[in-house]
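Structural characterization, general
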Amino acid sequence: MEKQLKAIIFDLDGVITDTAEYHFLAWQTLSEELGIPFTRQFNEELKGISRMESLEKILALSRKQNEFTEKEKENLAARKNSLYCRLIEKITPKDILPGISEFIAASKLHNIKIGLASVSKNAFTVMRRLELLNEFDTIVDAKTIKNGKPDPEIFMRAAEQLGVNPVNCIGIEDAEAGVTAIKAAGMFAVGIGDQQRLAQADLIYHVTTELRFDEILNAFVKKLNQ
Ligand code: BG6
Ligand code: MG
């Protein structure tokens, strides 16, 4: 097995741009409309989770999951998405989180392939607005996978499309479900966010400005040689 870093696979929402906050705001509005108490703390459990699964979790909060037909649930999910789409309308390259462009540039300088693994059906729209579509060697979104995070499928697929063995990949995530998916895929995990929540990650940073290519590479090499 070659002990070398070959690819870095990024999550989108909450890692490349702050759309995790827009998902939160859209779910908060929908929850208010339904009379369901919704907190920032609970929202952490929705990070990295698909739209329909998130809705089921919110309805379950107030034991309302059996009050709606499948068609009504689809309408609720569509309502959330239209609230979210309104929020992402104004996204520009200025909304790339600080430190991310520099980190991508450093990775490319080292000939590392760059992939995206996002369960969002809006991933291409957001990436286009950020003008990042052509920067990435591959993009895997909700349309091409059967199982969402924490299943490793999306990270495995990205590695496969990049032609790289998962053991030679690093995954970067802000969601607990995402870090679980990266580890289950057999990759090195970098978490962005809360130390305790992302404890499974191999390396954790509070915010994207702290990302350092050399430091991450060193930690990756050290781990692989353990
Ligand atoms: C993930 C977000 O990236 O995408 C989740 O972390 C979101 O919060 C999921 O629910 C699905 O997004 P969308 O855009 O398909 O509703
Ligand atoms: Mg995320």
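**Things to note about the side chain of Glu153**
As for its position among the elements, Glu153 is in helix 7 (residues 153-162). At 2.7 Å, the side chain of Glu153 forms a polar contact with the backbone nitrogen of Asn147. Among all residues touching Glu153, those that are not within four sequence positions of it are Thr144, Ile145, Lys146 and Asn147.

**Focus on the pattern of salt bridges**
Charged atoms that come close allow side chains of opposite charge to pair. Under the definition given, this model contains 14 salt bridges. Here Arg157 makes a salt bridge to Glu153, at a shortest N to O gap of 3.2 Å. On the criterion of helical spacing, the pair formed by Arg157 and Glu153 is a turn pair, its members being 4 residues apart in helix 7. Sharing partners across several salt bridges, the network here consists of Asp11, Lys149 and Glu173.

**Examining the sheet that holds strand 1 (residues 7-10)**
Read from one edge of the open sheet, 6 strands run 3-2-1-4-5-6, paired in parallel fashion. If you trace the sheet from one side to the other, it starts and ends with strand 3 (138-140) and strand 6 (203-205), each paired once. Between one strand axis and the next, the sheet turns by 20 degrees as a mean value, whatever way the strands run. With 4 bridges joining them, strand 1 and strand 2 (residues 113-117) adopt parallel strand pairing. What sits directly across from Ala7, in strand 2, is Lys113. Contacting strand 1, strand 2 and strand 4 (169-173), helix 5 (residues 100-109) crosses the sheet at an angle of about 155 degrees to strand 1.

**Observations concerning the site of ligand 1**
As a matter of local geometry, ligand 1 sits amid 15 residues, with Asp13, Arg51, Ser120, Lys121 and Asn122 nearest to it. Contact between ligand 1 and Asp13: an oxygen atom at 2.6 Å from a side-chain N or O atom of the residue. Within the side chain of Ser120, an N or O atom sits 2.6 Å from an oxygen atom of ligand 1. In the complex, 96% of the free accessible area of ligand 1, which totals 400 Å², lies under the protein chains.

**A few points about the environment of Ile91**
Within the fold, Ile91 resides in the loop between helix 4 (70-88) and helix 5. Distance from Ile91 to Gln161, taken between C-alpha atoms, is 28 Å for residues 70 residues apart in sequence. Residues within four places of Ile91 in sequence aside, it is in contact with Thr19, Tyr22, Val126, Arg129 and Leu130.

About the criteria used
- Residues numbered from 1 in each chain as written.
- Chains lettered and ligands numbered in written order.
- Predicted model: local features only at pLDDT ≥ 70, side-chain atom pairs only at ≥ 80, totals over all residues.
- Heavy atoms only, no water.
- Helix = DSSP H or I, 4+ residues; strand = E, 2+ residues; numbered from the N terminus.
- Polar contact = N/O pair within 3.5 Å; in protein donor to acceptor, adjacent residues only side chain to side chain.
- Contact = heavy atoms within 4.5 Å.
- Salt bridge = Lys/Arg side-chain N within 4 Å of Asp/Glu carboxyl O.
- Pairing = 2+ DSSP bridges.
- Axes fitted to C-alpha atoms, helices over the stretch in contact; angles between N-to-C directions.
- Near = heavy atom within 4 Å.
- Areas by Shrake-Rupley, 256 points an atom, 1.4 Å probe, with all protein chains shown as cover.

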